Amino acid sequence: MYRYYLVLGLFVAGLSAEDIVRLFEEDARARRRLAELLVSEPDVRLAIINAVLRDVATKQDLRELEERLSARIGGVERRVEGLEREVSSLRDRVSRLEGALSQLVERIGDLDKRIDSLDKRIDGLDKRIDSLDKRIDSLDERIDGLDKRIDGLDKRIDGLDRRIDALDKRIDFMARVTIILTGSVIATLTASIVLRLLG
């Protein structure tokens, strides 16, 4: 009810809202008195406190946020460890494939030597040499198959690298969110201190 009389009195006085603001800007003492009046009014004080509390993060909120972030970071770390184990396993498999490929190359080299020896010693064994050529072609096809499998492994490793990069970006994003939340907490604490000083 008091507010209605105040607005009515200002209207009768012929002052606009802009005029009132200008008057308060020019008179620091009047501003202090207005702040004291507003704070002493229970309804107004409660409205101010509720407005401030909506923007203030409590310690419990921060603890819950920290727990959620810790849990998510722990999950990311476990996933990264799992990916590292997968990459290590893939490297072992590639190493074994390379060893098998090396053995195949040695065997092909041995076959070439035997074929050369047979060519020099026996001209009449052309049919057997043709058969050996077919076997060498078959070995080449198997080597090509191994090459394709190794290419597939390389692609999987590239995919894992991209997933790790995506995880790094998510971790960077969470760090930025933590910084923003910390700034928000500092700002709200500062506002609370200012309100106490005014009160």
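Residues numbered from 1 in each chain as written. Predicted model: local features only at pLDDT ≥ 70, side-chain atom pairs only at ≥ 80, totals over all residues. Heavy atoms only, no water.

**Focus: the overall build of the protein chain**
Counting its regular elements, the protein chain contains six helices and zero strands. Taken from N to C terminus, the helices and strands of the protein chain fall in the order α-α-α-α-α-α. For the protein chain, the proportion of its 199 residues judged to be buried stands at 17%. Intrachain contacts of the protein chain at a sequence separation of at least 6 include 72% that bridge at least 24 residues. Put simply, the protein chain shows about 16200 Å² of open surface, and 55% of that area lies on carbon and sulfur atoms. (Helix = DSSP H or I, 4+ residues; strand = E, 2+ residues; numbered from the N terminus. Buried < 20%, exposed > 50% of the residue type's maximum accessible area, 1.4 Å probe, protein only. Contact = heavy atoms within 4.5 Å. Areas by Shrake-Rupley, 256 points an atom, 1.4 Å probe, with all protein chains shown as cover.)

**Focus on a nonpolar patch on the surface**
Taken together, the side chains of Leu34, Leu38, Ile48, Val194, Leu195 and Leu198 make up a nonpolar region of the molecular surface, amounting to roughly 460 Å² of accessible area. Residue assignment for the nonpolar patch shows that the elements contributing at least two residues are helix H3 (28-40) and helix H6 (126-198). Ranked by the residues each element gives to the nonpolar patch, the list is headed by H6, at three residues. On the basis of relative accessible area, Leu34 is assigned to the partly exposed category, the value being 32%. (Patch = residues over 30% accessible without salt bridge, like charges linked within 9 Å, V, L, I, M, F, W, Y side chains within 5 Å. Salt bridge = Lys/Arg side-chain N within 4 Å of Asp/Glu carboxyl O.)

**Observations concerning the packing of helix H2 (residues 17-26) against H3**
Direction vectors running N to C along H2 and H3 enclose 110°, while the axes themselves pass 5 Å from each other. Considering the angle they form, H2 stands roughly perpendicular to H3. On H3, the residues that touch Phe24, Glu25 and Glu26 of H2 are Ala28, Ala30, Arg31 and Leu34. Considered class by class, the residues forming the contact of H2 with H3 number four nonpolar, no polar and three charged. (Axes fitted to C-alpha atoms, helices over the stretch in contact; angles between N-to-C directions. Parallel < 35°, antiparallel > 145°, perpendicular 65-115°, else oblique. Nonpolar A, V, L, I, M, F, W, Y, C, P; charged D, E, K, R; others polar.)

**Side note on a positive patch on the surface**
Where like charges cluster on the molecular surface, the positive patch consists of Arg107, Arg114, Arg128, Arg135 and Arg142. Residue assignment for the positive patch shows that the elements contributing at least two residues are helix H5 (59-121) and H6. Among the elements that make up the positive patch, the one with the highest residue count is H6 (three residues). Mapped onto the elements of the fold, Arg107 is located in helix H5. (Lys, Arg positive; Asp, Glu negative; His and termini not counted. Charge placed at Lys NZ, Arg CZ, Asp CG, Glu CD.)

**Thoughts on H3**
With 13 residues, H3 ought to run about 18 Å at 1.5 Å a step, and its terminal C-alpha atoms sit 18 Å apart, in line with that. The backbone nitrogen of Arg29 lies 3.1 Å from a side-chain oxygen of the residue at the head of H3, namely Asp27. (Expected span 1.5 Å × (residues − 1). Polar contact = N/O pair within 3.5 Å; in protein donor to acceptor, adjacent residues only side chain to side chain.)

**Digging into the confidence of the model for the protein chain**
Overall, the prediction assigns the protein chain a mean pLDDT of 77, with 84% of residues at 70 or greater. No element of the protein chain has a lower mean pLDDT than helix H1 (residues 2-13), which averages 47, and none a higher one than H6, which averages 82. (pLDDT = per-residue confidence, 0-100.)

**Thoughts on the environment of Asp147**
With respect to the helices and strands, Asp147 occurs in helix H6. The spatial distance from the C-alpha of Asp147 to the C-alpha of Glu98 is 9.7 Å, given a sequence separation of 49 residues.

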